[in-house]
Amino acid sequence: MNQISSVQPAPAPVRILAERPEKMAARGVNIHYGDKHAIKDLSITIPDRAVSSFIGPSGCGKSTFLRALNRMNDTIPSCRMTGDITLDGRNINGRDVDPVQLRSHVGMVFQKPNPFPKSIFENVAYGPRIHGLTASTTDLEERVVESLKKAGLFEEVKDRLHQPGTGLSGGQQQRLCIARAIAVNPEVILMDEPCSALDPIATAKIEELIDELRQNYCIVIVTHSMQQAARVSQLTAFFHLGTLVEFGDTDKIFTAPRDPRTQDYITGRFG
Amino acid sequence: MTDHTYKAYDEDLGALKTLLARMGGLAEEQLARATDALSRRDGKLADQVIADDEKIDALEREVEEKAILTIAKRQPMARDLREIIVAIRIASDLERIGDLAKNTAKRTHAVSEALPRKLMTGLARMGRLAQDQLQAVLDAYAAGDAGRALAVWHADEELDALYTSIFRELLTYMMEDPRLIGMCTHLLFGAKNMERIGDHTTNIAENIHYLVHGSVLTGERPKKDTTSLTPV
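For the structure given in this document, a descriptive report is provided here. (Residues numbered from 1 in each chain as written. Chains lettered and ligands numbered in written order. Predicted model: local features only at pLDDT ≥ 70, side-chain atom pairs only at ≥ 80, totals over all residues. Heavy atoms only, no water.)

Check the secondary structure of chain B and you find 6 helices and 0 strands. Mapped in sequence order, the helices and strands of chain B form the string α-α-α-α-α-α. A total of 232 residues make up chain B; the buried ones form 51% of that total. With the model as given, the accessible surface of chain B reaches about 10,800 Å², and the carbon-plus-sulfur share is 54%. Taking the 31 positively charged and 38 negatively charged side chains of chain B as two groups, their mean positions are separated by 2 Å. (Helix = DSSP H or I, 4+ residues; strand = E, 2+ residues; numbered from the N terminus. Buried < 20%, exposed > 50% of the residue type's maximum accessible area, 1.4 Å probe, protein only. Areas by Shrake-Rupley, 256 points an atom, 1.4 Å probe, with all protein chains shown as cover. Lys, Arg positive; Asp, Glu negative; His and termini not counted. Charge placed at Lys NZ, Arg CZ, Asp CG, Glu CD.)

So, in structure tokens, the structure goes:
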């Protein structure tokens, strides 16, 4: 794979990165949708084993950039990207990188829970099966149970593993989707507003889960809830009009942000 | 700064500032009257000061309730959050200043008319200086001016130095004439109250710095109060 050609130093919070190594990074990334310049010369370093949240008003480019992290934008014909995005220092857009393979390393959880119209068991077993990750049926069963346990769902569904995943409550479905993402042993989990369709209790459970998962994964979450970003993430990036305005320790961003635009946004002063 | 999208949020924060302005005004007045009562040995005025302290206490409770409610309703962030936290802290300092003024006023009754006038001058000067400092810091708060707050913070040195000299002066009087020990002790406590008011004023200055810059004012403040090191 291509080594990155360093364009410019990416903004990175020194304290957190001193403790945790870089997992993903972007250098001079530009993304266009047709004529729309959605991401403008963005550079960022995302550390491992921490939660980084992306916040910003609608249309600021945070979801576009999140999708670029596992090449979900590839499927949109009008979408063009320049610059480098790396995973463990390797360019994810290299010609030799298979996007399907990439997505098993960089999993994604969406806004609305989207279980397959299959049983709970099959939802989780699907990924390991297509990626050929398990040697036997017992192996596969173990992995399904383990993933459901990690997603904090196993106890609630252990007696009905073969019933449809779509029969679960919204919060349970979302945890099922997280179990499905975990089942293929990803290194990075991307979450695009994972709680916006959930009630406060289901939200609390997902947030608690995110906090546990960060021990083992690099997590990036896009959220419209500033309180959620403040609660679950160690790092926060503020996007505005396609640029990364500020990226730093969450504690700092929500008490004393450096940039007046961040200040205006998080205090609810954007017109 | 631009307004919040929620107009009522601006009103909540505005209401807090108004409450604090009232509290600050009252604290200044209490301090002025307490110093006046003690230096002129005006028992009636002292009693008024003692009774009026309740007003400051009530305002502090009001600030706290308003702040807690605003936090619960708005989940404030960044400067808004600092604005509210600082309001609670400043209210607490002003309440303590009120208590110290009340305590100073109380001593009026214990100090006899026969007390030599010269003994009062130092304390009266301290009272005026403490008032000036308090007024300056409240102005800095109203204007959100961290520079002016810092000037107050530095100027506390003068109040400390004055306290040290009054301490020595009163000790000398007590040694000269042991009959004055009781009264001089009251005056000493009065002077100590003024010195403590100065410290609360510098707390307020530190909070204004935090409010404006989002960082804590670090570094040792120059201390001129050496009385705790003075052997008697």
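Still more ground to cover, so stick around.
All names here are of chain A. Backbone geometry at Asp41 places phi at a positive 45°, although glycine is not the residue there. The residue Asp41 is located in strand S2 (residues 36–47) in this model. Overall, the relative accessible area of 42% leaves Asp41 in the partly exposed class. For Asp88, which is not glycine, the phi dihedral falls at a positive 50°. For Asp88, the position within the fold is in the loop between strand S4 (79–87) and strand S5 (90–91).

Time to look at the pattern of salt bridges. Close approach of charged atoms lets side chains of opposite charge pair. One pass over the full model with this rule turns up 30 salt bridges over all chains. Its salt-bridge partner being Glu22 of chain A, residue Arg27 of chain A comes within 3.9 Å of it at the nearest N-O pair. By relative accessible area, Arg27 of chain A is classed as buried at 9%. Across the pair Lys23 of chain A and Glu187 of chain A runs a salt bridge, and its minimum N-O distance is 2.8 Å. Of this pair, Lys23 of chain A sits in strand S1 (residues 22–33) while Glu187 of chain A sits in the loop between helix H7 (170–182) and strand S7 (188–192); the two residues are 164 residues apart in sequence, bridging distant segments of the chain. Taking the relative accessible area as the measure of exposure, Lys23 of chain A reaches 7% and is therefore buried. What you see here is one network of salt bridges that share partners, running through Asp12, Lys66, Lys73 and Arg74 of chain B. (Salt bridge = Lys/Arg side-chain N within 4 Å of Asp/Glu carboxyl O.)

Leu20, Leu94, Leu170 and Leu187 of chain B are the most contacted members of the largest nonpolar core, which totals 61 residues. Once you skip the residues sitting within four places of it in the chain, Leu20 of chain B turns out to touch Val63, Ala87, Ile90, Ala91, Leu94 and Tyr141 of chain B. (Core = buried A, V, L, I, M, F, W, Y, C linked by side-chain atoms within 4.5 Å. Contact = heavy atoms within 4.5 Å.)

Worth remembering: the numbers are spatial, not functional.
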